[in-house]
Every structure is written in C-alpha cells, then in structure tokens.
Amino acid sequence: MRSLFIIFVRGYQKFISPLFPPNCRYSPTCSAYMISALKKHGALKGTLMGVARILRCQPFVKGGYDPVPDHFSLRRNEEAAEKYRKQMHLDK
C-alpha cells in the first residue's frame, strides 16, 4: 500500500507539478515530505502526516525547514527547524 501511494506522489511530481510555477513555502517540498513520511511511518500515518503538511501550506504560514519527525505528529517539526536555524546562524 505504501508503495502505491509513493507511486502516486512520484506521478504528481513528474506530470502535474511541472505545470505550475514553484512556490513551495517549506523545505523539503510537500511531495518530498509525503514520500519521506510514507517511508518512515507507513501508509496510514505517513498519509495523515502528508495531508496535514499540505493543509499547513497556505499564505499565512511563514514556512521554512520542516523535515519529517522521527515520531508520528501532525504538527510542524519545530525542534528540527530550531536546530537548523541555529546551525545556519539564522537566529538573531
């Protein structure tokens, strides 16, 4: 089941995504996040995490670095984002 979902996302990346201008708010992109979540957490939890990420991707969100967390969560991975900001000296 997980492999089937990954095939759907890869199809989106190859055939649908190129039709639109790049405007990702997050890194990694939502489709890359979905694939990582599916691989790390399985079909059900990975899909839920990916859909939650897509719902978070809207004009009123700052965006930024948001990798898939090691534990299941529908929220943004603030711990990894903070670590990334410190590593890149983005905190002022």
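Analysis parameters
Residues numbered from 1 in each chain as written. Predicted model: local features only at pLDDT ≥ 70, side-chain atom pairs only at ≥ 80, totals over all residues. Heavy atoms only, no water. Helix = DSSP H or I, 4+ residues; strand = E, 2+ residues; numbered from the N terminus. Buried < 20%, exposed > 50% of the residue type's maximum accessible area, 1.4 Å probe, protein only. Contact = heavy atoms within 4.5 Å. Areas by Shrake-Rupley, 256 points an atom, 1.4 Å probe, with all protein chains shown as cover. Lys, Arg positive; Asp, Glu negative; His and termini not counted. Charge placed at Lys NZ, Arg CZ, Asp CG, Glu CD. Patch = residues over 30% accessible without salt bridge, like charges linked within 9 Å, V, L, I, M, F, W, Y side chains within 5 Å. Salt bridge = Lys/Arg side-chain N within 4 Å of Asp/Glu carboxyl O. Phe/Tyr/Trp six-rings, centres within 6.5 Å; stacked < 30°, edge-to-face > 60°. Lys NZ or Arg CZ within 6 Å of the ring centre and 35° of its normal.

J.: Is there a simple way to think about the overall build of the protein chain in this case?
T.: Of regular secondary structure, the protein chain possesses 3 helices and 2 strands. In the protein chain, the succession of helices and strands from N to C terminus is α-β-α-β-α. In the protein chain, which comprises 92 residues, the share counted as buried stands at 32%. Here the analysis covers contacts within the protein chain between residues at least 6 apart in sequence; of these, 56% occur between residues at least 24 apart. Within the structure as shown, the protein chain displays about 6700 Å² of accessible surface, and the carbon and sulfur contribution to it stands at 62%. Seen as two clouds, the 16 positive and the 6 negative side-chain charges of the protein chain have centres 9 Å apart.

J.: How do you make sense of unusual backbone geometry when you look at a structure like this?
T.: Here the bond from S27 into P28 is cis, since omega is 0°, no more than 30 degrees from zero. Structurally, P28 can be placed in the loop between strand 1 (26-27) and helix 2 (30-56).

J.: Could you clarify how one ought to interpret a nonpolar patch on the surface in this entry?
T.: Taken together, Y12, F15, I16, L19 and F20 make up a surface patch of nonpolar side chains, about 580 Å² in accessible area. You can see I16 is positioned in helix 1 (residues 2-16). By relative accessible area, I16 is classed as partly exposed at 41%.

J.: Explanation requested: the packing of aromatic side chains in the structure shown.
T.: Counted by the stated rule, this structure contains 1 aromatic pair. Here the basic side chain of K45 rests over the ring of F72, its NZ or CZ set 5.6 Å away from the ring centre.

J.: Explanation requested: the pattern of salt bridges in the structure shown.
T.: Think of it this way: side chains of opposite charge can pair up when their charged atoms draw near. Inspection of the entire model under this criterion finds 4 salt bridges. With a shortest N-O distance of 3.0 Å, D70 and K40 are connected by a salt bridge. Of this pair, D70 sits in the loop between strand 2 (64-65) and helix 3 (78-87) while K40 sits in helix 2, and the two are 30 residues apart along the sequence. Take K40: its relative accessible area is 43%, and that puts it in the partly exposed class. Of the charged contacts, one joins D66 and R56 as a salt bridge, the two residues approaching to 2.9 Å between their closest N and O atoms. You can see D66 sitting in the loop between strand 2 and helix 3 and its partner R56 sitting in helix 2, a full 10 residues away along the chain. Here D66 and R56 have matching classes, each one buried. When salt bridges that share partners are traced, they join R53, R56 and D66 into one network.

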